[in-house]
Structures are given as structure tokens and as C-alpha cells.
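The residues making up each chain are set out below.
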Amino acid sequence: MLVVLISGRGSNMQALVEAGLPVAAVISNRADAGGLEFARSRRIPTAVADHAGFASREAFDEALAREIDRHRPRLVALAGFMRVLTPGFVARYHNRLLNIHPSLLPAFPGLDTHARALAAGVKLHGCTVHFVTAELDSGPIVIQAALGVRPGEQPAELAARVLRQEHVIYPRAARWFLEDKLVIQDAVVRVKGDDAQLVLAAD
Ligand code: GRF
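Residues numbered from 1 in each chain as written. Predicted model: local features only at pLDDT ≥ 70, side-chain atom pairs only at ≥ 80, totals over all residues. Heavy atoms only, no water.

Peer 1: It is not clear to me how the sheet that holds strand β3 (residues 46-48) should be interpreted in this structure. Could you clarify?
Peer 2: Pairing between sheet strands relies on hydrogen bonds along the backbone, with the strands arranged either parallel or antiparallel. Read from one edge to the other, the open sheet built from eight strands follows the order β3-β2-β1-β4-β5-β6-β7-β10, with strand pairing classed as mixed. On the outer flanks of this sheet lie β3 and β10 (198-200), each paired with one strand and no other. For this sheet the average axis-to-axis angle between neighbouring strands, irrespective of direction, equals 15°. Here four bridges tie strand β5 (residues 97-101) to strand β6 (residues 124-131), and the two strands are oriented antiparallel to one another. When the bridges of β6 are listed, I100 appears paired with V129. Across the sheet, helix α1 (residues 11-18) touches β1 (2-6), β2 (23-28), β4 (75-78) and β5, and the angle it forms with β1 is around 160°. (Pairing = 2+ DSSP bridges. Helix = DSSP H or I, 4+ residues; strand = E, 2+ residues; numbered from the N terminus. Axes fitted to C-alpha atoms, helices over the stretch in contact; angles between N-to-C directions. Contact = heavy atoms within 4.5 Å.)

Here it is as C-alpha cells:
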């Protein structure tokens, strides 16, 4: 089972659900996150942990962890969860906390990845699923999808093409995890059975 954390539209969470993965609960830090509606429509338990109600990051992360642990998930998947997590939270879910990031890490951690990639003139862009470590948008890489940047492409178009690939690789990574296929050694992830950890997208 996995618990998915969202802050917004939740399309990656939706991809995880639609891939048939056992999503035990969807937790948002925002009551108005669009993805909550989808989760409710699928009768998946939802909860809102509003960070505004807490005095410190630590207090919020503690409440969030309590909410997660009620479901006893093996895996916690961040899916557009727009909060920087405390080292304590990251340590608590060591090696069972995944994130999806819209760039080919370690390039372009942080926000506005597509505009920044275009501004840098990169020819290859994409997305990454990785284990979460205390440093923002870093950690052992599980799978990446790469696509060629089109001449004159705008950030919105590139974002949409990358998002389609996010919906391919996140369910794949989560399934590998739940099937105990991921091995982390010296910060490098290998998949038992040697399933491909790179998707080269044609469109
Ligand atoms: C995705 O691009 C994801 O990579 C990033 O935030 C966005 C969330 O989109 N971390 P959604 O809420 O999953 O639709």
C-alpha cells in the first residue's frame, strides 16, 4: 500500500490510481487541491493537513506523519507536494519516500524547470522519479524519461509533453518499489530483473 501526498491538481496521483496501485489514502496540505475531488470519486480516503495551522515546520511534519502512519503504508509518494520537508520527516521515511520531479535531475532542481531548461538551451529534457533525501530534489534516481526539445518550443508545450511521461514513469517506479524490485547501493538504484530505468519518449 502507498499514501500519496498532493498540493494541487493531482494528475500524477491519478496516474498511480489508474495504474491499479493500492493507494490507501491521499493527503493534501491544501483543502482546495483539485486532486482531492478525484480521490473522493474513487472512494479513496482523503485528509487535509493544512500547514497554516502549525507553528513550525516540525510541528506540521509531525502531524502529517501521524496522518500518514494511520494507514501503515509501505511507500509514501510525493506527487506535486509543494512543501519542503524537515530532515526528521525524510529520515522517518528513509528509502520509502519517492518524488517525481519535472526535469532530468540533477539538472534543474527547484521550480520553473521547463522555462529554465529552455532558457539554458538544453536539447534533452524530461522527468525523474527519485528517492527523497534531505536535500531538495536530490536522492537516488529510480527512473527517468527523456525527450528531445523541439525548436521554438514554449514552456507550456514542453511541460505538457513531460507531464505525459511523468504519468508513465511514476506508476512504474511505485510498482517496482511495492514488488520489492528496487535495490539501492551507494546511492544508485538498480531494478531486479533489469527492467529499463530510462524511457526515451518519441513524442
Ligand atoms: C508535476 O509536474 C510534478 O513533477 C511536480 O509537480 C507537478 C504536479 O502535477 N512535482 P500534478 O499535481 O501531479 O498534476
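Peer 1: Even after reading the chapter, I still don't get the pairing of β6, so can you show me in this structure?
Peer 2: Looking along a regular strand, one sees the side chains alternate between the two faces of the sheet. Most of β6 sits inside the fold, with seven of its eight residues counted as buried. Pairing between β6 and strand β7 (residues 141-148): seven bridges, direction antiparallel. Bridge pairing in β7 links L124 to G148. (Buried < 20%, exposed > 50% of the residue type's maximum accessible area, 1.4 Å probe, protein only.)

Peer 1: Got a minute to help me understand the domain arrangement of the protein chain in this structure?
Peer 2: Put simply, an interface is often sized by how much accessible area is lost when its parts join up. Its domain assignment divides the protein chain into domain 1 (1-93) and domain 2 (100-203). Domain 1 and domain 2 are separated by 20 Å when their C-alpha centres are compared. Contacts between domain 1 and domain 2 engage 18 residues on the former and 16 residues on the latter. Interface of domain 1 and domain 2: buried area, both sides summed, is about 1,500 Å²; carbon and sulfur atoms make up 68% of it. Between the two partners, domain 1 and domain 2, sit one salt bridge. Between R74 and D180 there is a salt bridge, with its nearest N and O atoms 2.7 Å apart. (Domains from an automatic or database assignment. Buried area = accessible area lost by both parts, 1.4 Å probe. Salt bridge = Lys/Arg side-chain N within 4 Å of Asp/Glu carboxyl O.)

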